[in-house]
Amino acid sequence: MNPDLDRSFGALTPEFMLDALDAAGLFGDGRMLQLNSYENRVLQVHLEDGRIAVAKFYRPGRWSDAQILEEHQFARELAEAEVPVAAPWTLSDAKAQLRLAGDPATLAHFGDQRFAVTPRQGGRAPELEDREVLSWIGRLLGRLHNVGRQRPFEHRLSWVGEQPGQLARTLLLDLDCIPIEVLPAWDAMVQACLARIQQIFDAIPDLQTLRLHGDCHPGNILWTPDHGPHFVDLDDAVTGPAVQDLWMLLSGDEVAARQQLMWILDGYETVAEFDRRELNLIEPLRTLRMIHHSAWLAKRWNDPAFPLAFPWFGSSNYWHDQVAKLGEQLEAMRPKDERPLDDFRDDDVQFDEGFK
């Protein structure tokens, strides 16, 4: 990333963002709220015409215009298919200060910064211990994936096999941020995990990939009592197997996670097909995310927000802990004699009556 652009993004102010919206003819009425986002700068603004807009200013150097516009295209396709998602508005250059991109134009350059605008969609966190909630989310994911299968991404990242992990490993080694006393053990463990990940992917012939949400954790799903779940933030949309959008919704011990997965699939498979061989990819995908998370923190460490939010990152204890956790993941990815996850059904396992 250009250091000057990095500094300008770190100093991005609400006043600058409001000026950018004014240039697009979106005039605020004075009420605004800066929303939580480590990766981008996001501002909620009440407009004079009564609408509430969410403006996202993209971190320079992270995505190309082509990658951002593919995210926007995917969101528009989902909205057209009546999949509830916050799709970007078409922008206009009301004051001749913007450079617009896309057809329709959904990405704007204002000075050195790029932004897009979506409508606000409110809601609360979903209750992921509720069977009906998980089944509804499953149906929604099935509908999203049906749209995702209609065409491929050309510019977004691919989340398949060891490649994402190798990119993260290379970045961490290049940044020279791992203490020398931990580096050999960490690197050996990462390479062992990545080799096992590739073996597991290779063991699934004809694996189907599609356009995905990519970062489908509970914080990116909002729930309303009348309309159920809807998705926010397609910023990490990728190409990958369908299960990538399922596994991050699971929590608790192994029994609870299995039950939650079955409830999600109960809904998913009413609207879309699911290849249950992909259940063998859950632990590999979890491992990739762990390695990727370390690389993300290291790459963003010059942003003042990151040392404040993640003060434990980078210490010798952190990296020793990563070696131990990756060792647990390597063990979790070994072949097991027990029944595979997809053999379990609701009537196979007895649960406490208090577990919903």
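For the structure, see preceding data.
Worth saying up front: this structure is predicted, and the values here are computed from it rather than measured.

Participant: Please provide a residue-by-residue account of the packing of aromatic side chains, values included.
Facilitator: Inspection of the entire model under this criterion finds 19 aromatic pairs. Between the aromatic rings of F310 and W312, the centroid separation amounts to 5.7 Å while the plane-to-plane angle is 80°, which identifies the pairing as edge-to-face. Among the residues examined, F310 registers a relative accessible area of 10% and is labelled buried. Taken together through their ring pairs, the aromatic side chains of Y38, W186, W296, W301, F306, F310, W312, F313, Y318 and W319 make up a single cluster. In this arrangement the basic side chain of R51 is found over the ring face of W89, its NZ or CZ atom lying 4.4 Å from the centre.

Participant: A description of the pairing of strand β1 (residues 28-35) should follow, citing residues and the corresponding values.
Facilitator: Relative to strand β2 (residues 41-47), β1 runs antiparallel, the two being bridged by 5 bridges. Within β2, the position partnered with L35 by the bridge is V42. Between the antiparallel neighbours β1 and β2 lie 5 residues.

Participant: So, helix α6 (residues 183-202): which residues are in play, and what are the values?
Facilitator: Here α6 is 20 residues long and its end C-alpha atoms lie 28 Å apart, about the 28 Å a rise of 1.5 Å per residue gives. Among the residues making up α6, those that are buried are W186, D187, M189, V190, C193, L194, R196, I197, I200 and F201.

Participant: Give a description of the pairing of strand β6 (residues 113-119) that names residues and reports values.
Facilitator: β6 sits mainly inside the fold: 6 of its 7 residues count as buried. In the sheet, strand β3 (residues 52-58) pairs with β6 via 6 bridges, with the strands oriented antiparallel. Within β6, the position partnered with A55 by the bridge is V117. Bridging between strand β5 (residues 107-110) and β6 involves 3 bridges; their strand directions are antiparallel. Residue pairing for β6: F110 is matched across the bridge by Q113. Hairpin geometry of β5 and β6 is characterised by an intervening segment of 2 residues between the two adjacent antiparallel strands and by a positive phi of about 65° at G111.

Definitions and cut-offs
- Residues numbered from 1 in each chain as written.
- Predicted model: local features only at pLDDT ≥ 70, side-chain atom pairs only at ≥ 80, totals over all residues.
- Heavy atoms only, no water.
- Phe/Tyr/Trp six-rings, centres within 6.5 Å; stacked < 30°, edge-to-face > 60°.
- Buried < 20%, exposed > 50% of the residue type's maximum accessible area, 1.4 Å probe, protein only.
- Lys NZ or Arg CZ within 6 Å of the ring centre and 35° of its normal.
- Pairing = 2+ DSSP bridges.
- Helix = DSSP H or I, 4+ residues; strand = E, 2+ residues; numbered from the N terminus.
- Expected span 1.5 Å × (residues − 1).

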